[in-house]
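The lines below spell out each chain.
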Amino acid sequence: MTADRRRPDHRSDHRSDRHQVRPGDLRHVVTHLITPLLMCVGMGLAYLGAFANPSPHHLPVAIVGTGTHAQVLAQTINDKAHGELEARTVPDRATAVGQLKNQEIFGAYLAGGNQANGTGTGTGTTNRASLSRNGDAQHGPELLVATAGSDTSATVVQKIFTPLAARQGDPLKVTDIAPTAAHDPTGQGIFFLLVALSIGSYASVAVIGGAGAVLPMRIRAALATGTSFVVAAIGTLFAGPVFHLVDHGLWALWGMAWLYSAGILLIGTGLHTFLKRWTTLGVMVLFVMLNFTSSGGIFRPEMQNGFFAALHSFWNGAGFVEGTRSHVYFDGHGLAGHVWTLAGWLLVGLLMVAAAALTEQRRRTAEAEAVANAGAVAATMPERTPERAQGRTPERASARPTAQRDSETEEEMEEEMEEAVGV
């Protein structure tokens with residue numbers, strides 16, 4: 001019994017081995033925590049920097065009228081706005097409506113008076129029920145807006161001119177000359193369509209670039225292009241038959257969705273050659289952090305700081321959102337420019353894929369040369385080498401690191417796809 005008591009307990013040793021933490025395992029986890037922490041920092045900087053404190057910056061509005069009062073009112077607004085507004089005068093209501101539909105202005109104020117011929121004096125002392133000396137009806141103050149261009153901008157303009165109308169003693173009449181679709185009252189459905197297209201595109205990048213890394217680049221590029229067709233079709237179904245955000249021109253919408261998605265997929269597929277497991281973070285920076293915030297889907301650039309306002313002029317998300325608005329609500333005004341923006345990003349994607357293919361070809365050539373050199377060196381070695389002494393040929397000795405590299409590559413692919421899907 002004494003001998004049995006002194007016998008070591010191997011089961012407890014095995015249990016302690018299972019609970020032992022190796023430094024390499026902990027380092028592996030900590031290293032992979034860098035990606036979500038960087039995402040946290042990036043998303044905070046992007047979203048809070050773009051959306052936390054919206055305020056107008058040189059937001060263009062118009063005062064309708066040709067008299068001295070209209071000019072004085074516009075100048076007074078500019079003086080008091082301190083750069084928040086840019087008030088101009090337009091001669092008549094028709095001109096104001098045209099500029100609203102062209103998105104040159106985001107509000108037009110008619111101060112009241114004789115508006116029958118569009119040349120109201122805007123004295124602010126008449127009542128809409130009264131008559132002028134020549135018998136024309138007198139109208140109270142009116143504000144023209146286009147909520148389809150931006151509901152938030154229209155709301156800001158209304159808040160600015162409502163107190164001005166109240167000082168005239170009449171309620172402000174608000175006329176929406178470009179209302180949104182009945183099933184998209186805020187006009188932000190297009191932005192959320194952008195989000196769906198973006199997630200479907202950049203999440204597919206991890207699969208094509210990771211699991212498809214063994215395929216030739218031309219096959220990966222073909223997969224990316226085919227996937228973009230499917231993503232665009234899904235987005236068009238959501239916008240049309242499912243949620244009725246768009247009630248006409250679905251083929252043109254699908255074309256812009258395909259240009260947008262294909263650009264993201266090709267850029268991401270090409271970037272994977274250079275960034276590897278950091279590709280998910282890279283495409284998130286390009287197509288989420290900088291893209292959603294500068295698209296104009298929530299706040300137009302006139303409501304944001306200079307950085308995001310500048311991105312709006314050429315980023316792909318802005319091209320899709322503004323192109324869709326132009327096509328659906330504004331008779332295609334400015335549509336060509338937005339389509340060219342999307343085509344430019346697609347061209348960047350094609351160039352990125354070409355650069356990646358060239359880089360991979362050079363890497364394969366360098367590896368083939370390294371293998372040939374290793375074989376030449378092995379051929380000149382003595383007959384009995386340490387590997388042969390242990391029953392291992394040089395080929396078998398080199399096969400083990402290769403298998404290890406393949407295993408590590410497979411783990412990186414799985415981790416990258418998990419990160420992409422999780423995001």
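As shown above, the structure is provided for reference.
Everything numeric in this text was worked out from a predicted model, so none of it was measured. Along every chain, residues carry numbers that run from 1 in the direction the sequence is written. Under the rules for a predicted model, residues below a pLDDT of 70 receive no local features and side-chain atom pairs below 80 are neither given nor counted, while totals for whole chains, interfaces and linings still include all residues. Think of the side-chain values as coming from all heavy atoms in the structure, minus any hydrogens and water.

Trainee: Which parts of the structure should I look at to understand the nonpolar core?
Mentor: Where a protein is soluble and globular, its nonpolar side chains tend to be buried together. To qualify as a nonpolar core, a set must consist of buried Ala, Val, Leu, Ile, Met, Phe, Trp, Tyr and Cys residues joined through side-chain atoms within 4.5 Å. Each residue is placed in one exposure class: buried if its accessible area under a 1.4 Å probe, protein chains only, is under 20% of its type's maximum, exposed if it is over 50%, and partly exposed if it falls in between. In terms of nonpolar packing, the biggest core is built from 91 residues, with Ile 63, Ala 108, Tyr 109, Phe 161 and Phe 320 touching the most fellow members. With 12 residues, the top contributor of residues to this core is helix 9 (residues 250-275). Note on contacts: a residue pair is in contact if any heavy atoms of the two residues lie within 4.5 Å. Excluding residues within four positions of it along the chain, Ala 108 makes contact with Ala 62, Val 64, Ala 96, Leu 100, Glu 142, Leu 143 and Leu 144. Comment: elements are numbered from the N terminus, with helices defined as DSSP H or I runs of at least four residues and strands as E runs of at least two.

Trainee: Teacher, can you tell me more about the sheet that holds strand 7 (residues 173-176) here?
Mentor: The strands that make up a sheet are held in pairs by hydrogen bonds between backbone atoms, and each pair lies either parallel or antiparallel. By the convention used here, strands pair only if DSSP detects at least 2 bridges between them. The 5 strands are arranged 2-1-3-6-7 in an open sheet whose pairing can be described as mixed. The open sheet is flanked by strand 2 (85-90) and strand 7, the only strands paired with a single partner. The sheet shows a mean angle of 25° between the axes of neighbouring strands, direction not considered. Sheet topology note: the strand 3 (residues 108-110)/strand 6 (residues 142-145) ladder contains 3 bridges and is antiparallel. The axes used here are C-alpha line fits, helices contributing only the stretch in contact, and every angle between their N-to-C directions lies in the interval 0 to 180 degrees.

Trainee: Looking at this structure, I do not really get the packing of aromatic side chains. What am I missing?
Mentor: Describing an aromatic ring pair means giving the distance of the ring centres and the angle of the ring planes. Note on aromatic contacts: the rings of Phe and Tyr and the six-membered ring of Trp form a pair at centre separations within 6.5 Å, being stacked when their planes are under 30 degrees apart, edge-to-face when over 60 apart, and tilted otherwise. In this structure the tally under the stated criterion is 14 aromatic pairs. Through a chain of ring-to-ring contacts, the aromatic side chains of Phe 229, Trp 251, Trp 254 and Trp 258 assemble into a single cluster.

Trainee: Any chance you could explain a nonpolar patch on the surface here in plain terms?
Mentor: Residues enter patches when their relative accessible area tops 30% and they take part in no salt bridge; the joining distance is 9 Å for like charges and 5 Å for the nonpolar side chains Val, Leu, Ile, Met, Phe, Trp and Tyr. Surface accessibility in these figures is a Shrake-Rupley result with a 1.4 Å probe; residues are shielded only by whichever protein chains are displayed. A side-chain nitrogen of Lys or Arg and a carboxyl oxygen of Asp or Glu constitute a salt bridge if their distance falls within 4 Å. A contiguous nonpolar patch, built from Phe 229, Val 230, Ile 234, Leu 237, Phe 238, Val 242 and Phe 243 and spanning about 630 Å² of accessible area, is present on the exposed surface. Considering the arrangement of structural elements, one finds Val 242 in helix 8 (residues 217-242).

Trainee: Which parts of the structure should I look at to understand the side chain of Thr 341?
Mentor: Mapped onto the secondary structure, Thr 341 falls in helix 14 (residues 335-379). Those residues in contact with Thr 341 that sit more than four places away from it in its chain are Phe 314, Trp 315 and Gly 319.

Trainee: Could you clarify how one ought to interpret the pattern of salt bridges in this entry?
Mentor: Opposite charge on two side chains allows them to pair when their charged atoms are near. Tallied over the entire structure, the rule returns 5 salt bridges. Note that Arg 93 is salt-bridged to Glu 142, the shortest N-O span being 2.7 Å. Of the two residues, Arg 93 sits in helix 5 (residues 93-101) while Glu 142 sits in strand 6, which places them 49 residues apart along the sequence. As a salt-bridge pair, Arg 300 and Glu 322 come within 2.9 Å of each other at their nearest N and O atoms. Separated by 22 residues along the polypeptide, Arg 300 in the loop between helix 11 (291-294) and helix 12 (306-312) and Glu 322 in helix 13 (residues 316-329) bring together distant segments of the chain. Here Arg 300 and Glu 322 have matching classes, each one buried. Via salt bridges that share partners, Arg 300, Glu 302, Glu 322 and Arg 325 belong to a single interconnected network.

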